[in-house]
Amino acid sequence: MLAYALATGVIFGLYFALVGVGMNLVFGVMRIVNLAHGDFIMLGAFGAFWLFRGLGLPPPVVVVLCFATLFLAGLPLYYLLVPRLFRAREPEMLSLILFFGLSQVIEAVVAMLFGNNERSIPSRLLGGGPVPIMGQTVPFAWVYAGGVSLVMLAGVYVYLYRTRLGRQTRAIMAQREEAVAIGIDIHRISAIAFGVGSGLAAVAGVFAPFMLGSFTPSIGVSLDLTSFAVIVIGSLGNPLGTLLGGLIFGVSLMLMRTYLSSFADLLPNLVLIGVLLVKPTGLLGRRVRNA
Amino acid sequence: MHRLFLRDIGTVVLPLAVLFAVLPYFYDNGLLLLNFVVFLVLAQGLNLTYGFSGYLPFGYVGFFGAGAYGFSMMMTLASAPPLLAVLGGGVAALLVGLLLTPLLRLQGAYFGLASLAASEALLHLIGNPSLQDLTGGPYGVRLNTPYAPQSTYVLAIVILVLTMGLVAWLRHSRFGLQLQAARDNSLAASMAGIDIVFGRLVVWLASAVAAGLIGAVFAWRASTFFPDAVFDINFSIFAIVFTLFGGAGTLLGPVLGVMLLYGLYNAIGVSAPQYFQLGFGLLIVVLVLFFPEGLAAIPRRWARHG
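Below is a short write-up of the structure. What you see is a predicted model, and the numbers here were worked out from it, not measured in a lab.

**Describing the overall build of chain A**
Here is step 1 of the chain: Secondary structure assignment for chain A yields 11 helices and two strands.
Here is step 2 of the chain: Secondary structure elements of chain A, listed N to C terminal, follow the sequence α-α-α-α-β-β-α-α-α-α-α-α-α.
Here is step 3 of the chain: Dimensions along the principal axes, computed over C-alpha positions, put chain A at roughly 55 × 45 × 35 Å.
Here is step 4 of the chain: Looking at chain A as a whole, 50% of its 291 residues qualify as buried.
Here is step 5 of the chain: Relative to all contacts within chain A whose residues are 6 or more apart in sequence, the contacts with residues 24 or more apart total 77%.

Structure, rendered in structure tokens:
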């Protein structure tokens, strides 16, 4: 039982890392909290519902299409909102409200167009039988989602640490002003990071119906809190720390569900508050506070 | 008493209280009037902490819910008289506020989201099936309080006057000016010998108590409610947007915000919630991008250019 909880915890941990990594990338580069992140995930879930369940496209194609769509939507969204936000007195605090407004708009439009019904996708549609793990079985869909998450996280690593674009992105994360001073085009790099973050959220959304159960247009806010908890554990602004945060979150969620199930809903909130109070910079963080 | 403080009381707080006191004679939807007062208190209560210390609690509704449950538990477990139970609601919110004071060490978005997580945690704790004997759990609360529309309405107005009185005092008193200095530049303020931590703590607890008291009044009037209803994050969001729309740190701004936006909500939000949500979302975006200091700053901006 314990071994099973740990194994499924790792699978879910990889998935939760994917859920959070886009929000963390955006925070790391722009120092803003994207509260529309959960709604991008919701859009990805709709993408899976139509493209995979409706049209029957193969899952890898659905993943690529959803990533590309949200990536391309993220670029104009960045130019529309973020540069202007930075002219305000407290961009970080106001970003919470601004992106909450955006999330309301997305939620309302989706609900108007497609209704508020709960939608789900049976996990057997992904194919494969139950996979035996530690004497019990897990749905093939979980293993599939865990695998895709790992691939996407590896992609983030390559993007950030093995390309010129990634080096410029990390320069902005480290020292915004100096990055400007050495001639990096801040807005171009940030817009790409925003697009990548949105695309990653959409990919997480493709697998949300399998990992998190049925979905509605209004699942965004709770996903925001989950994402924030995951990335705060790992450390805000460090995209790869998200992997550690996701694993810790996934394993402790599965342990709670196994041994103390009625309080499992409390977990993300308590973990978030606990980590913030004990080590606000996250487990891998540098010092960022200045008061 | 300071002259400007008395001017604020005389020109804003008392006329507003009188207006709401006579409105029931002309307009018979008492519940709607009460809801207006509830949101006025929440907006001004949030204004206490956001307007004067810069901390934006996304989980502000946690105090409202704590007040509602403090009230109902005083009624069901201790059979207290309703007035005493309303005070109990304030005390419950005060205790939650004290418990959460360590959050004030956090800054910016960290604080906002941590307070939201705290209010969600409180919701899951109170709504937990294993605490059903104590709180009613997920099945909600059914109170046998006497239905008293007039007393609850008058009580709400009294709480509103006290909250707005406090805002007016903070705008002009020495203590309030120190707080505003600390909000605008905490380093310079502490160099000048201002006790920043104490000031922030006072407004934080005061805003908690305001939400708790009005939450208790809300519970009295509703008498039957579910945990989701009194911990609904929309209370926080409405209070934040109303305050921001009018202008945080001002006395009249949050009042304007509530009157215009909550009025709009009742005009279209109830019959067409999705259109309201869309409009509300767009309004928030426009507000933050173009008027981050609210309506109250517009005349000031004109004066500067003119």
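**Topic: the interface of chain B and chain A**
For interface size, the figure often reported is the accessible area lost on association.
Here is step 1 of the chain: Of the residues lining the interface, 37 residues belong to chain B; the matching set on chain A comes to 37 residues.
Here is step 2 of the chain: Listing elements by their share of the side of chain B that touches chain A, those giving two or more residues are α5 (108-126), α12 (233-246) and α14 (273-290) of chain B.
Here is step 3 of the chain: The leading source of residues in the side of chain B that touches chain A is α5 of chain B, at 13 residues.
Here is step 4 of the chain: The residue inventory of the side of chain B that touches chain A, partitioned by class, reads 26 nonpolar, 10 polar and one charged.

**As for the environment of A17 of chain B**
Here is step 1 of the chain: Here A17 of chain B shows up in helix α1 (residues 3-22).
Here is step 2 of the chain: Beyond its immediate stretch of four places on either side in the chain, A17 of chain B contacts I157, L160 and V161 of chain B.

**A closer look at the packing of helix α3 (residues 61-78) of chain B against α5 of chain B**
Residues and elements named next belong to chain B.
Here is step 1 of the chain: Put simply, α3 and α5 touch, their axes get as near as 8 Å, and they point 30 degrees apart. One finds that α3 runs roughly parallel with respect to α5. The two elements α3 and α5 cross, and the hand of that crossing is left-handed. Two secondary-structure elements touch here, α3 through V61, G62, G65, A66 and Y69 and α5 through A118, S119, L122, L123 and I126.

**Thoughts on unusual backbone geometry**
Here is step 1 of the chain: The backbone of S79 of chain B shows a phi angle near 45 degrees, a positive value even though the residue is not glycine.
Here is step 2 of the chain: Considering the arrangement of structural elements, one finds S79 of chain B in the loop between α3 and α4 (82-99).

**What to know about helix α2 (residues 30-53) of chain B**
What sets the pattern is the α-helix's 3.6 residues per turn: residues three or four places apart point alike.
Here is step 1 of the chain: Here α2 of chain B is 24 residues long and its end C-alpha atoms lie 34 Å apart, about the 34 Å a rise of 1.5 Å per residue gives.
Here is step 2 of the chain: Following α2 of chain B by one or two positions, G54 of chain B has its phi on the positive side, about 80 degrees.

How each quantity is defined
Residues numbered from 1 in each chain as written. Chains lettered and ligands numbered in written order. Predicted model: local features only at pLDDT ≥ 70, side-chain atom pairs only at ≥ 80, totals over all residues. Helix = DSSP H or I, 4+ residues; strand = E, 2+ residues; numbered from the N terminus. Buried ≥ 20, exposed ≤ 12 C-beta atoms within 10 Å, placed from the backbone. Contact = placed C-beta atoms within 7 Å. Nonpolar A, V, L, I, M, F, W, Y, C, P; charged D, E, K, R; others polar. Axes fitted to C-alpha atoms, helices over the stretch in contact; angles between N-to-C directions. Parallel < 35°, antiparallel > 145°, perpendicular 65-115°, else oblique. Left-handed = near helix turned anticlockwise from the far one by under 90°. Expected span 1.5 Å × (residues − 1).

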